[in-house]
Amino acid sequence: MPEATDPPPQHPHLATLRRLEQSSGKLAAAAIARMDEQLPWYRAMPPENRSWIGLVAQAGIAAFTEWFRHPETPQAISTDVFGTAPRELTRAITLRQTVEMVRTTIEVVEAAIDEVAAPGDEAVLREALLVYAREIAFATAQVYAQAAEARGAWDARLESLVVNAVLSGEADEGAVSRAAALGWNSPEHVAVVLGTAPDGDNELTVEAIRRASRHAKLQVLTGVLGSRLVVIAGGSNDPLKAAKSLIGPFAAGPVVAGPVVGDLLAATRSAQAAMAGLKACAAWPDAPRPVLADDLLPERAMAGDPAARELLVEEIYRPLEEAGSALLETLSVYLEQASSLEGAARMLFVHPNTVRYRLRRVTDVTGWSPSDVRSAFTLRIALILGRLADFSGQP
């Protein structure tokens, strides 16, 4: 014969509990009416979202009733209350609006305590509501924290796709659309900055780049790809200045800024120049940090970068060729004579002032000064490549 079991203990405030159960629908309706009266953003919402918020308010009051029934039992309030609405609701209403919704509902219940509580239970019900309000506040914070973490992880993956597309030369309208979803406002000036990523947490590195970009008033898309830290910077027509403002989070080693381009679709060209410059930096140990990819044109050309070879020919050799044979001849002789004005003048049978004038014209035409050691090296490589191009084009 089975043993008799003791009946479950009766709730110490059973009358209040029953009255609370009976009043839950009325309280939920009153909370929704007050939100409609006091919260402009609630009135402006589409009917579907208002209905979801109404369900959340009802679930909150029902969860309070259940919590009052078993206050000693741990309960997942966030699931009980916010689980009634779809996840998209956390994007439809802000955390501030959710706090206002919860506060309004709690105020409605608090105002009805004298009516709902059985005689003598007013203080008990009020204290229970205060404790529950604390729990629901923590639950609200947890829901939005989880949503923020999920959104952050998704944004990080999306940003990585955009950065990788730019770096691999596969940037298209889809990449532009993804960037727009991340807050990229299509600035007119875009440049890619490349360097070595530091050891440690990549998320901390990315966040450090974001802080630096906010301070410099730049838009950025960034990510760590392998050992490289990649930053697509928008909003500055000076890539060197932009790179300097973002250099802090980079690890030791060269940092190269690609040329400025017009938009994200063209950023592949800046990225390719920066990648070629990063590979060629070993040939210029004393290069500044950061350094422009265009300042590494001779090293890039010698390392086999076809874009650098073409730039040196098209932007230095061809303009000199079009300006007249005298400039090309004078520059060639000047460089061969160890940058000696007098030596070049003797070889050319002209006055040193004539050599000086022609060299100034070289600077005007190319933007590179033959009297500067670094510029002279670049000019010499451009002359060599130009002659090779002319020779290969001969029949």
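Everything numeric in this text was worked out from a predicted model, so none of it was measured.

1. Comments concerning the packing of aromatic side chains
Okay, so step 1: For the structure on display, the rule yields three aromatic pairs.
Okay, so step 2: Measuring from ring centre to ring centre gives 6.3 Å for Trp41 and Tyr42, while their planes differ by 85°; the resulting arrangement is edge-to-face.
Okay, so step 3: For Trp41, a relative accessible area of 13% gives the class buried.
Okay, so step 4: Members of the aromatic cluster, joined through ring pairs, are Phe64, Phe68 and Tyr132.
Okay, so step 5: Over the aromatic face of Trp284 sits the side chain of Arg374, whose NZ or CZ is 3.5 Å from the ring centroid.

2. Brief notes about the pairing of strand 1 (residues 190-196)
Okay, so step 1: Across the seven residues of strand 1, six count as buried, placing the element largely inside the fold.
Okay, so step 2: As judged from the seven bridges shared by strand 1 and strand 3 (residues 228-234), these two strands associate in the antiparallel manner. Looking at the pairing, Val190 lines up with Gly234 of strand 3.

3. Let's talk about the sheet that holds strand 4 (residues 256-257)
Okay, so step 1: Taken together, five strands build an open sheet; the order of strands is 2-3-1-4-5 and the sheet is mixed. Each edge of the sheet is formed by a strand with only one pairing partner; in this case those strands are strand 2 (219-225) and strand 5 (291-292).
Okay, so step 2: As paired elements, strand 4 and strand 5 share two bridges and run parallel to each other. Across the sheet, the residue bridging to Val256 is Val291, located in strand 5.

4. So, the packing of helix 14 (residues 306-323) against helix 15 (residues 325-336)
Okay, so step 1: Direction vectors running N to C along helix 14 and helix 15 enclose 125°, while the axes themselves pass 5 Å from each other. Considering the angle they form, helix 14 stands oblique to helix 15. Contact with helix 14, carried on its side by Tyr317, Leu320, Glu321 and Ala323, involves Leu327, Leu328 and Leu331 of helix 15 and no other residues of that element.
Okay, so step 2: Tallied by class, residues from the contact of helix 14 with helix 15 come to six nonpolar, no polar and one charged.

5. Considering the side chain of Asp121
Okay, so step 1: Tracing the chain through its elements places Asp121 in the loop between helix 7 (113-116) and helix 8 (122-168).
Okay, so step 2: Although Asp121 lies buried, it forms no salt bridge, and the closest oppositely charged side chain, Arg19, sits 7.8 Å away as judged by the N-O distance.
Okay, so step 3: Reaching out from Asp121, the side chain makes a polar contact with the side chain of Thr16 at a distance of 2.6 Å.

6. Quick word on unusual backbone geometry
Okay, so step 1: Here the residue pair Arg289 and Pro290 is connected by a cis peptide bond, since its omega of 0° sits within 30 degrees of zero.
Okay, so step 2: Along the chain, Pro290 turns up in the loop between helix 12 (267-280) and strand 5.
Okay, so step 3: The phi dihedral of Ser339 is positive, around 60°, even though this residue is not glycine.
Okay, so step 4: Considering the arrangement of structural elements, one finds Ser339 in the loop between helix 15 and helix 16 (341-348).
Okay, so step 5: One non-glycine residue, Phe349, lies in positive phi territory at about 60°.
Okay, so step 6: Tracing the backbone through its elements, the reader meets Phe349 in the loop between helix 16 and helix 17 (352-366).
Okay, so step 7: The class of Phe349 is exposed, set by a relative accessible area of 77%.

7. What to know about the pattern of salt bridges
Okay, so step 1: Scanning the model with the defined rule gives 13 salt bridges in all.
Okay, so step 2: A salt bridge links Arg69 to Glu21; the shortest N-O distance between them is 2.3 Å. Here Arg69, found in helix 3 (residues 47-69), pairs with Glu21, found in helix 1 (residues 14-38); they are 48 residues apart in sequence, far enough to count as distant.
Okay, so step 3: For Arg214, the salt bridge identified is with Glu207, shortest N-O distance 3.4 Å.
Okay, so step 4: Overlapping salt bridges bring together Glu21, Glu66 and Arg69 as one network.

8. Concerning the confidence of the model for the chain
Okay, so step 1: Confidence in the prediction for the chain averages 85 pLDDT; 88% of positions are at 70 or higher.
Okay, so step 2: Confidence scores differ between elements of the chain, with helix 4 (residues 77-82) showing the lowest mean pLDDT of 51 and strand 4 the highest of 97.

9. Looking at helix 1
Okay, so step 1: In a regular helix each residue adds 1.5 Å, so 25 residues correspond to 36 Å; helix 1 covers 34 Å between its end C-alpha atoms and thus fits that length.
Okay, so step 2: Of all the bends in helix 1, the greatest measures close to 50° and is centred on Ser23.
Okay, so step 3: Turning to helix 1, its buried residues are Thr16, Leu17, Leu20, Ser23, Leu27, Ala28, Ala31 and Met35.

10. Section: the nonpolar core
Okay, so step 1: Leu27, Trp41, Ile53, Phe64 and Leu125 are the most contacted members of the largest nonpolar core, which has 33 residues in total.
Okay, so step 2: Listing elements by their share of this core, those giving two or more residues are helix 1, helix 2 (40-43), helix 3, helix 6 (95-111), helix 7 and helix 8.
Okay, so step 3: Take this core: its biggest share by element is eight residues, from helix 3.

11. Concerning the environment of Trp184
Okay, so step 1: With respect to the secondary-structure elements, Trp184 resides in the loop between helix 9 (173-181) and strand 1.
Okay, so step 2: Remark: the alpha-carbon pair of Trp184 and Leu264, spanning 80 residues in sequence, is separated by 9.5 Å.
Okay, so step 3: Among residues more than four places away in sequence, those in contact with Trp184 are Ala179, Val190, Gln219, Val220, Leu221, Ile232, Ala233, Gly234 and Leu264.

Definitions and cut-offs
- Sequence positions are assigned chain by chain, starting from 1 and proceeding in written order.
- Residues qualify for local features only when their pLDDT is at least 70, as the model is predicted, and side-chain atom pairs are given and counted only at 80 or more; totals for whole chains, interfaces and linings, by contrast, use all residues.
- Excluded from the side-chain calculations are hydrogens and water; all other atoms, namely the structure's heavy atoms, are used.
- Here a Phe, Tyr or Trp ring, Trp counted by its six-membered ring, pairs with any other such ring whose centre lies within 6.5 Å, and the pair is stacked when the planes are under 30 degrees apart, edge-to-face when over 60, and tilted otherwise.
- Type-normalised accessible area, obtained with a 1.4 Å probe on protein chains alone, sets the label of each residue: buried when under 20%, exposed when over 50%, and partly exposed for intermediate values.
- Should the NZ of a Lys or the CZ of an Arg lie within 6 Å of a ring centre and within 35 degrees of the ring normal, that charge is described as sitting over the ring.
- Secondary structure follows DSSP: runs of H or I at least 4 residues long count as helices, runs of E at least 2 residues long count as strands, and numbering of each begins at the N terminus.
- Two strands qualify as a pair provided that DSSP identifies no fewer than 2 bridges between them.
- Note on method: axes are straight lines fitted to C-alpha atoms, helices fitted across the in-contact stretch only, with angles between N-to-C directions ranging 0 to 180 degrees.
- Orientation is classified from the angle alone, with under 35 degrees giving roughly parallel, over 145 giving roughly antiparallel, 65 to 115 giving roughly perpendicular, and any other angle giving oblique.
- Any two residues whose heavy atoms approach within 4.5 Å at even a single point are treated as in contact.
- Three classes are used, and their members are as follows: Ala, Val, Leu, Ile, Met, Phe, Trp, Tyr, Cys and Pro are nonpolar, Asp, Glu, Lys and Arg are charged, and the others, Gly among them, are polar.
- Charged residues are defined narrowly, with Lys and Arg counted positive, Asp and Glu counted negative, and His plus the chain ends left uncounted.
- We define a salt bridge as a contact between a side-chain nitrogen of Lys or Arg and a carboxyl oxygen of Asp or Glu at a distance within 4 Å.
- The term polar contact refers here to a pair of N or O atoms within 3.5 Å; inside protein, the definition further demands a hydrogen-donor-capable atom paired with an acceptor-capable atom, and it admits residues adjacent in sequence only when both atoms are side-chain atoms.
- Scored from 0 to 100, pLDDT records how confident the predictor is in each individual residue.
- The length a helix should cover is 1.5 Å for every residue beyond the first.
- Two axes enter the bend calculation: one fitted to the seven residues ending at the residue in question, the other to the seven starting there, and the bend is the angle between them.
- Residues enter a nonpolar core if they are buried and are Ala, Val, Leu, Ile, Met, Phe, Trp, Tyr or Cys, with the set joined through side-chain atoms within 4.5 Å.

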